[in-house]
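Residue-level listing of the chains:
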Amino acid sequence: MQDSRNQNPAVVMDRASARIIDNASFTIPRGSITALVGPSGSGKTTLMRMIVGTQANVRGEVRVLGQRAGHPDLRSRVTYATQAASVFEDLTVRENLDYIRNIYRLPSTRRDEILERLELQNHANTICGRLSGGQRSRVSLAIALLPHPELVVLDEPTVGLDPLLRRSLWELFHELVADGASLIVSSHILDEADECEHVLFIDEGRVKHATRNEVLASTGADSMEDAFLAVMGR
Ligand SMILES: Nc1ncnc2c1ncn2[C@@H]1O[C@H](COP(=O)(O)OP(=O)(O)OP(=O)(O)O)[C@@H](O)[C@H]1O
Ligand SMILES: [Mg+2]
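These numbers come from a predicted model, not from an experiment.

**Quick word on the coordination of the magnesium ion (ligand 2)**
Consideration 1: The magnesium ion (ligand 2) binds to the protein through Thr-45 (OG1) and Gln-83 (OE1); the donor distances cover 2.0 to 2.2 Å. Here the residue Thr-45 occupies a position in helix α1 (residues 44–52), and Gln-83 occupies one in the loop between β7 (78–81) and α2 (93–104), the gap between them amounting to 38 residues.
Consideration 2: Classification of Thr-45 by relative accessible area gives partly exposed; the value is 27%.
Consideration 3: Residue Gln-83 is classed as partly exposed on the basis of its relative accessible area, which comes to 45%.

**A look at the domain arrangement of the chain**
Consideration 1: According to the domain assignment, the chain contains domain 1 (1–77 + 151–234) and domain 2 (86–148).
Consideration 2: Taking only C-alpha atoms into account, the centre of domain 1 sits 25 Å from that of domain 2.
Consideration 3: Counting residues at the interface gives 15 residues for domain 1, matched by eleven residues for domain 2.
Consideration 4: The junction of domain 1 with domain 2 conceals about 1,000 Å² of combined surface from both sides, 65% of it contributed by carbon and sulfur atoms.
Consideration 5: Among the residues of domain 1 in contact with domain 2, Ser-76, Leu-165 and Leu-172 are the three that bury the most area, contributing 38% of the side total.
Consideration 6: For the interface between domain 1 and domain 2, the tally reads two salt bridges.
Consideration 7: Its salt-bridge partner being Arg-117, residue Asp-179 comes within 3.8 Å of it at the nearest N-O pair.
Consideration 8: Counting the contacts that link domain 1 with domain 2 gives two residue pairs in polar contact (both at pLDDT 80 or more).
Consideration 9: Here the element with the most residues in the side of domain 1 that touches domain 2 is helix α5 (residues 163–178); it accounts for seven residues.
Consideration 10: Residue composition of the side of domain 1 that touches domain 2, grouped by class: nine nonpolar, three polar and three charged.

**Comments concerning the sheet that holds strand β9 (residues 182–186)**
Consideration 1: Pairing is mixed across the open sheet formed by six strands, whose spatial order is β7-β8-β9-β3-β10-β11. Edge positions in the sheet fall to β7 and β11 (206–211), since each of these pairs with one other strand and no more. If you compare each strand with its neighbour and ignore which way they point, the axes differ by 15 degrees on average.
Consideration 2: One ladder, built from four bridges, connects strand β3 (residues 33–37) with strand β10 (residues 198–203); its direction is parallel. The residue bridging Thr-34 from the neighbouring strand is His-198, located in β10.
Consideration 3: Of the strands in this sheet, β3, β7, β8 (151–155), β9, β10 and β11 touch α1, which is tilted by about 155 degrees from β8.
Consideration 4: Strands β3, β8 and β9 of the sheet are contacted by α5, whose axis makes an angle of about 150 degrees with β9.

**Quick look at the side chain of Asn-96**
Consideration 1: Along the chain, the position of Asn-96 falls in helix α2.
Consideration 2: Polar side-chain contacts of Asn-96 include one of 2.8 Å to the backbone nitrogen of Phe-88.
Consideration 3: Residues contacting Asn-96, with those up to four places away along its chain left out, are Val-87, Phe-88, Leu-91, Cys-128, Val-139 and Ile-143.

The rules we used
Residues numbered from 1 in each chain as written. Chains lettered and ligands numbered in written order. Predicted model: local features only at pLDDT ≥ 70, side-chain atom pairs only at ≥ 80, totals over all residues. Heavy atoms only, no water. Donors = N, O, S within 2.8 Å, 3.2 Å for Na, K, Ca; no water. Helix = DSSP H or I, 4+ residues; strand = E, 2+ residues; numbered from the N terminus. Buried < 20%, exposed > 50% of the residue type's maximum accessible area, 1.4 Å probe, protein only. Domains from an automatic or database assignment. Contact = heavy atoms within 4.5 Å. Buried area = accessible area lost by both parts, 1.4 Å probe. Salt bridge = Lys/Arg side-chain N within 4 Å of Asp/Glu carboxyl O. Polar contact = N/O pair within 3.5 Å; in protein donor to acceptor, adjacent residues only side chain to side chain. Nonpolar A, V, L, I, M, F, W, Y, C, P; charged D, E, K, R; others polar. Pairing = 2+ DSSP bridges. Axes fitted to C-alpha atoms, helices over the stretch in contact; angles between N-to-C directions.

In structure tokens:
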């Protein structure tokens, strides 16, 4: 992700089993939400790990906010909520947030603001091991949002959430963009890609980037679900 005038060199990621990312080259402009969609096992999580700089065996350079992916200067500027919620199970929600908040030296008011924004204030004193899957994933998201990141990478953040909570999360994502952040959000729910200005399709190693409008225009589809099926040639 960088200035859209710059052309990225192609990037490859091989696993023993297969080439997961094959000569990917794309630029996502700042200040937008990008949906990352593709079949299960296509490489969404792998690509996200490449963007946050935690993926091994990457050939070529991934640049994020003008730096090499994973550069220490990006530590609080780029945050990542993993597909499986990563929280300390034996700490309360508040303690989980405080642990990370202290690393970033943020005031307690920031913790309370995030708790409220994610509708977690009533669970602040609950041990995370006793939360439901959806509640736990919101704690993981809360941790990712704490330091006011410029880029937030979210791996399937709405899995296990009811439609109301999903709607409220997408409202939050749009608010974050209005505040100047950029988001990359993977999802299996193609309706969610309809919320996004940009789309990254991934399948059999190929990564295609386009704006949502370009995808709809080039496929003649009315929805991202139909466009996805057309783009993937199924
Ligand atoms: N740690 C690993 N070691 C070896 N192969 C892996 C590892 N993690 C993932 N893979 C393989 O790499 C490919 C891409 O996996 P990845 O997790 O990126 O897919 P995904 O699109 O995120 O899938 P899902 O939608 O199910 O989360 C898959 O074939 C998977 O089996
Ligand atoms: Mg995944």
